[in-house]
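Overview (structure and organization)
The residues making up each chain are set out below.
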Amino acid sequence: LKEKGVESLVSLLKNLDKTAPECNKLIKVVTSCLLNSINEFEEGQKVAIEEDIIPLTMKLLKSSLLDKNEDETRLFLFLIHSLSEFELGRSHLSQPKMIQVMVELISSDIKDSTLESLLEIMTSLLNEEIKITLVQTNLFQTLITIINKKFCDAGVKKLILDLITLTLTNSKLLNFT
């Protein structure tokens, strides 16, 4: 951190031309280094968050899904998961705009492994405010549609049902008085 390593990595990731094929390997290397720099290291995460790593990672995740680049998708999901381990990261990931991005990703045509990762991240973020945001985004309608129309494995179905159940239980959403 003394040499501004995390800031440099985030800056490099921001400035890489994702459309240039030769940058794919560099994106993976930079993302891996960034992941190593912030994984289980709260101060590193704080610096990365100050450098806007969360919106950048969400943007890159969307792009990697559109490009069907599984390696990058996996790395960006690891990075988001790592950021969700501390309160500061959870609070930034819990912003309605970030929740909406995750809901849009879940609604798109993604692999079960990606869906599973996004559901695990969303479950880890659950609190009363997030529960209300999730209901407002129509996430549950999307999840029910996925269960009914898409063939997905039992583990993904269980995660979907767990997320719905955890959102509705012990929630102000059920307080009808």
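Residues numbered from 1 in each chain as written. Predicted model: local features only at pLDDT ≥ 70, side-chain atom pairs only at ≥ 80, totals over all residues. Heavy atoms only, no water.

**Looking at the state of the cysteines**
A complete count under the given rule lists zero disulfides for this structure. Sulfur of Cys23: no disulfide; nearest cysteine sulfur belongs to Cys33 and is 15 Å away. Its relative accessible area of 35% is what places Cys33 among the partly exposed residues. (Disulfide = S-S within 2.5 Å. Buried < 20%, exposed > 50% of the residue type's maximum accessible area, 1.4 Å probe, protein only.)

**A word on unusual backbone geometry**
We note that Lys68 has phi near 55°; this positive angle belongs to a residue other than glycine. Along the chain, the position of Lys68 falls in the loop between helix H4 (53-66) and helix H5 (70-83). Taking relative accessible area as the criterion, Lys68 reaches 63% and is therefore assigned exposed. Positive phi outside glycine occurs at Asn138, with the angle close to 65°. Note on placement: Asn138 falls in the loop between helix H9 (128-136) and helix H10 (139-149). (Helix = DSSP H or I, 4+ residues; strand = E, 2+ residues; numbered from the N terminus.)

**A few points about the pattern of salt bridges**
Enumeration over the complete set of coordinates arrives at seven salt bridges. With its nearest N and O atoms 3.3 Å apart, the salt bridge here joins Arg74 to Asp71. Here Asp71 and Arg74 lie together in helix H5, a separation of three residues that amounts to about one turn. We classify Arg74 as partly exposed; its relative accessible area is 41%. Through salt bridges with shared partners, one network takes in Lys28, Asp71 and Arg74. (Salt bridge = Lys/Arg side-chain N within 4 Å of Asp/Glu carboxyl O.)

Nothing here speaks to function; it is all geometry.
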